[in-house]
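Structural overview
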Amino acid sequence: MVLLKANLMKAFGVDSLSYVDFDDPRPGYGQVVVKVVEAGVNPVDYFVVSGMRRVEPMPHIPGAEFAGIVEEVGPGVKDFRPGDRVVVYPRVFCGRCDMCMGGHEHLCRFGGIVGMITHGGFAEKAVVNEANLFRLPDNVPWDLAASLPVAALTSFHALLEAGVGPGDVVAIVGASGNTGQFALQLAKIMGARVLAVSTKKWPLELGADAVAPVEQSYDALIKMTGGKLADVVIDAIGTPTLPVSMKLLDRRGRLAIFGALRGETVTFSVPELYNREVRVIGTTGGTRAEMAKLIDMASRGLLKVKVWRKLPMSQAKDALRLLFSRERDGRIMLVGEE
Ligand SMILES: NC(=O)c1ccc[n+]([C@@H]2O[C@H](COP(=O)([O-])OP(=O)(O)OC[C@H]3O[C@@H](n4cnc5c(N)ncnc54)[C@H](OP(=O)(O)O)[C@@H]3O)[C@@H](O)[C@H]2O)c1
Ligand SMILES: [Zn+2]
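Bear in mind that the values here come from a model prediction, so they are computed numbers and not experimental data.

Calculation rules
Residues numbered from 1 in each chain as written. Chains lettered and ligands numbered in written order. Predicted model: local features only at pLDDT ≥ 70, side-chain atom pairs only at ≥ 80, totals over all residues. Helix = DSSP H or I, 4+ residues; strand = E, 2+ residues; numbered from the N terminus. Pairing = 2+ DSSP bridges. Axes fitted to C-alpha atoms, helices over the stretch in contact; angles between N-to-C directions. Near = placed C-beta within 6 Å. Domains from an automatic or database assignment. Parallel < 35°, antiparallel > 145°, perpendicular 65-115°, else oblique. Left-handed = near helix turned anticlockwise from the far one by under 90°. Contact = placed C-beta atoms within 7 Å. Nonpolar A, V, L, I, M, F, W, Y, C, P; charged D, E, K, R; others polar.

Moving on to the environment of Gly-167. When you line up the elements, Gly-167 lands in the loop between helix H4 (148-161) and strand S10 (169-173). Distance in space between the C-alpha atoms of Gly-167 and Lys-188 is 9.7 Å, their sequence separation being 21 residues.

Pairing in this open sheet of six strands is parallel, and the strands run S12-S11-S10-S13-S14-S15 from one edge to the other. The two strands at the open ends of the sheet, each matched to only one other strand, are strand S12 (210-212) and strand S15 (279-282). Across this sheet, the average inter-strand angle for adjacent strands is 20°, counted without regard to direction. As defined by bridge partners, S10 adjoins strand S11 (residues 193-197) across five bridges and the pair is classed as parallel. Note that in S11 the partner of Ile-172 across the bridge is Ala-196.

Turning our eyes to something else, we now look at the site of ligand 1. The environment of ligand 1 is formed by 27 residues, the closest being Gly-174, Gly-177, Asn-178, Ser-198 and Gly-259. For the shell around ligand 1, the secondary structure elements donating two or more residues are helix H1 (43-50), H4 and helix H5 (178-189). Counting residues per element, the shell around ligand 1 draws most heavily on H5, at three residues. Taken together, domain 1 (3-147 + 305-335) and domain 2 (151-282) each give at least three residues to the shell around ligand 1, which thus spans both.

Packing of H4 against H5 leaves a shortest axis separation of 8 Å and a crossing angle of 50°. Considered as vectors, H4 and H5 are oriented oblique to each other. The handedness of the crossing between H4 and H5 comes out as right-handed. Here Ala-151, Ala-152, Thr-154, Ser-155, Phe-156 and Leu-159 of H4 come into contact with H5, specifically with Asn-178, Thr-179, Phe-182, Ala-183, Leu-186 and Ala-187. Partitioned by chemical class, the residues of the contact of H4 with H5 number eight nonpolar, four polar and no charged.

Take a look at the structure:
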């Protein structure tokens, strides 16, 4: 039997993850085997490994965000061949339900997340549906390629759903995070003035107009704009920051939320919402059409990623342990073996 190396969870808990031999994946009809070159490490992977999400199949290979090289194609695959550089759209979708037909395949009624309801990319190779593959231009570096499917796509979709446009004032809470660093760059590309809310200073190097920690964010916003509040706030941090995010919002402002990293409950005063016509928008993931635009932006040199650590693929356990460490200062990536 042919084997591949994979980070496999036989039970829940980061400590249960081990880098072991696993059955070599065979591509079914319309499927492609991708040799993983680089994978981004995200909170979703931590939640999967910790058993905080419904996970299939078990034993399970996590990893929602990855890019690589086509190694083998299954029957019926038309558009890809071995050697192609590719990046993987991270949502499984049926293509036939009302959500898919409406262009919202990230909300497919029969779908889910790659690496959660299927084996993922924290392995030497992964099997994915041809419909999930995008060709990657040669000039897009692997660090960036492996940051487009989750970090960049989630942020881009949220900014689009919040209707960010030229001249808007946007505050990004958690601007040094995986999603935050793309939210700030994309908001700039969309023509906004951006306050990065972070204890780190380097979001300025990614183009933020100002940076401030949560406690000083209101004053920093007023200073940045000369008195105006935010048209859009992106906040995926949750309980500790949402009350501040509400205060950053201007009348008719939009608060976009795609996660609750530090706590899921929050209290809002109802008049605070309706008196100011504030809109709260939930988003999750993004569409393939948005991912195609991100790949195009990446190939035109418009996007960067700040990587803190690159670990070998065999060290997914260490990568997940470092994800919420105080010293983290940028993305953590897992790199496949040559
Ligand atoms: N629905 C989806 O499709 C989707 C996709 C991606 C992510 N998410 C969710 O979105 C959330 C963010 O993901 P991520 O990958 O961007 O996370 P991340 O990289 O771990 O976020 C780190 C950022 O959060 C900030 N932060 C952490 N704790 C904080 C606190 N107590 N107060 C203020 N700021 C705090 C950090 O601030 P400093 O800059 O000061 O260090 C840093 O900027 C997670 O819950 C994730 O699951 C959802
Ligand atoms: Zn569907």
